[in-house]
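Chain by chain, the residues run as shown.
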Amino acid sequence: METVSENRSHGGVQGVYTHASAETGTDMTFSVFVPAHEAGARLPVLWYLSGLTCTHANVTEKGEYRAACAEHGIVFVAPDTSPRGDGVPDDEGWDFGKGAGFYVDATEAPWSTHYRMRSYVEEELPRLIASRFPADMERQGITGHSMGGHGALTIALRNPGRFRSTSAFAPIVSPLNCPWGKKALTGYIGADRTAWRDYDACAMMEDGARLPDLLVDQGTADGFLEEQLKTHLLEQACEKAGQTATIRMQEGYDHSYYFISTFMPGHVAWHAERLKR
């Protein structure tokens, strides 16, 4: 692991780091905020997964999470959204390829060599975080935005018992039923829709997966709400499954980081309540 930058913030340290990933076969960049803490202390961890076109930098620079993480004593980890580099295949569209890894392990050529974001986020990066930062991996929460909200929901549902808390900002709730999801899952893992169910939060709940609790915020002025995000499908899936969930429609908010930064402190506090039990 190499340090790109470290800056003092809210009494803690905001760092950006790179490392050679065995899963993606590329160098990967991620950010970590570590609040002030006593020597030897292990702190709860909150993962944040970003959306289409984003890197670690979007939330790091615009997410406004540090004050809340410092207050509640939470380590905040933000990975990239896809592998990068000259040898990594890409697509002309902004919603596929670099910046759009969709948190899947690709099985289709040419994507399968490098696009292994599921294993990277679920396995490889957590091992690195546990070994190099004061992270208590018994107390983990996960959140994300848009494509990253899809990632947070599905990763938590696939790993019962790992995450004490799961939340999302404007998540893609059902890739089986939206253009972004159909394009990504067809390209990365093929046309067999039965293989897609492991990457669809609504389908996973229908198949029996559950979360301890769930918080979702969605803006009513989000231009992607009706065609891509379809929050009502998550509401229906939770109701049918008996899944405890707080799904809030926030009047007048769009899909931007103005929306995310407004509700980020509340999400951090919500996770903190569950991570400190």
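The structure this text deals with has already been given above.
Predicted, not measured: the structure shown is a model, and the values here were computed from it.

1. Concerning helix α5 (residues 179-189)
Alright, step 1. Those residues of α5 that sit buried are Trp180, Gly181, Ala184, Leu185, Tyr188 and Ile189. For α5, the arc enclosing every buried residue in end-on projection is 105°, short of the 170-degree limit, so these residues lie on one face.
Alright, step 2. Where α5 is buried, its residues touch α7 (225-229).
Alright, step 3. One or two residues past the end of α5 sits Gly190, with phi positive at roughly 100°.

2. Focus: the environment of Arg127
Alright, step 1. Here Arg127 shows up in helix α3 (residues 117-132).
Alright, step 2. As for Arg127 and Ser9, which are separated by 118 residues in sequence, their C-alpha atoms are 25 Å apart.

3. Considering the pattern of salt bridges
Alright, step 1. Scanning the entire structure with this criterion turns up 13 salt bridges.
Alright, step 2. A salt bridge links Asp80 to Arg84, with the shortest nitrogen-to-oxygen separation between them at 2.9 Å.
Alright, step 3. Residue Asp80 is classed as buried on the basis of its relative accessible area, which comes to 5%.
Alright, step 4. Of the residues examined, Arg84 reaches a relative accessible area of 27% and is grouped as partly exposed.
Alright, step 5. We note a salt bridge from Asp217 to Arg248, for which the minimum N-O separation is 2.7 Å. With Asp217 in strand β8 (residues 214-219) and Arg248 in strand β9 (residues 246-250), the pair connects residues that are 31 residues apart, well separated along the chain.
Alright, step 6. Among the residues examined, Asp217 registers a relative accessible area of 0% and is labelled buried.
Alright, step 7. In the salt-bridge network here, residues are joined through shared partners; they are Arg118, Glu122, Arg158 and Asp198.

4. Digging into the side chain of Asp200
Alright, step 1. Residue position: Asp200 is located in the loop between α5 and α6 (201-206).
Alright, step 2. Here Asp200 sits buried without a salt bridge, and the closest side chain of opposite charge, Arg197, lies 7.1 Å off (N-O distance).
Alright, step 3. One polar contact links the side chain of Asp200 to the main-chain amide nitrogen of Leu176, over a distance of 3.0 Å.
Alright, step 4. There is a polar contact of 3.0 Å between the side chain of Asp200 and the backbone nitrogen of Cys202.
Alright, step 5. Those residues in contact with Asp200 that sit more than four places away from it in its chain are Thr154, Val173, Ser174, Pro175 and Leu176.

5. Here we look at the packing of aromatic side chains
Alright, step 1. Within this structure, the stated rule accounts for 15 aromatic pairs.
Alright, step 2. Look at Tyr253 and Phe263: their rings are 5.0 Å apart centre to centre, the planes differ by 70°, and that puts the pair in the edge-to-face class. Of this pair, Tyr253 sits in the loop between β9 and α9 (257-275) while Phe263 sits in helix α9, placing them ten residues apart in sequence.
Alright, step 3. Look at Phe263 and you get buried, because its relative accessible area is 14%.
Alright, step 4. These aromatic residues form a ring-pair network of at least three members: Phe96, Trp111, Tyr115 and Tyr188.
Alright, step 5. If you follow Arg66 out to its NZ or CZ, it ends over the ring of Tyr65, 4.9 Å from the centre.

6. Focus: unusual backbone geometry
Alright, step 1. Cis peptide bonds are those with omega within 30 degrees of zero, and the linkage from Ala109 to Pro110 qualifies with 0°.
Alright, step 2. In this fold, Pro110 is placed in the loop between β5 (75-79) and α3.
Alright, step 3. Look at Phe102: it is not a glycine, yet its phi comes out positive at around 60°.
Alright, step 4. Structurally, the position occupied by Phe102 is in the loop between β5 and α3.
Alright, step 5. The exposure class of Phe102 is buried, given its relative accessible area of 0%.
Alright, step 6. With phi around 55°, Lys230 is a residue other than glycine that occupies positive phi space.
Alright, step 7. Along the chain, the position of Lys230 falls in the loop between α7 and α8 (231-241).

7. Observations concerning the environment of Phe263
Alright, step 1. Measuring from C-alpha to C-alpha, the distance between Phe263 and Thr81 comes to 22 Å, with 182 residues separating the pair along the chain.
Alright, step 2. Look past the residues within four positions of Phe263 in its chain and what remains in contact with it is Phe169, Asp217, Gln250 and Tyr253.

The rules behind these values
- Residues numbered from 1 in each chain as written.
- Predicted model: local features only at pLDDT ≥ 70, side-chain atom pairs only at ≥ 80, totals over all residues.
- Heavy atoms only, no water.
- Buried < 20%, exposed > 50% of the residue type's maximum accessible area, 1.4 Å probe, protein only.
- Helix = DSSP H or I, 4+ residues; strand = E, 2+ residues; numbered from the N terminus.
- Arc of directions from axis to C-beta.
- Contact = heavy atoms within 4.5 Å.
- Salt bridge = Lys/Arg side-chain N within 4 Å of Asp/Glu carboxyl O.
- Lys, Arg positive; Asp, Glu negative; His and termini not counted.
- Polar contact = N/O pair within 3.5 Å; in protein donor to acceptor, adjacent residues only side chain to side chain.
- Phe/Tyr/Trp six-rings, centres within 6.5 Å; stacked < 30°, edge-to-face > 60°.
- Lys NZ or Arg CZ within 6 Å of the ring centre and 35° of its normal.

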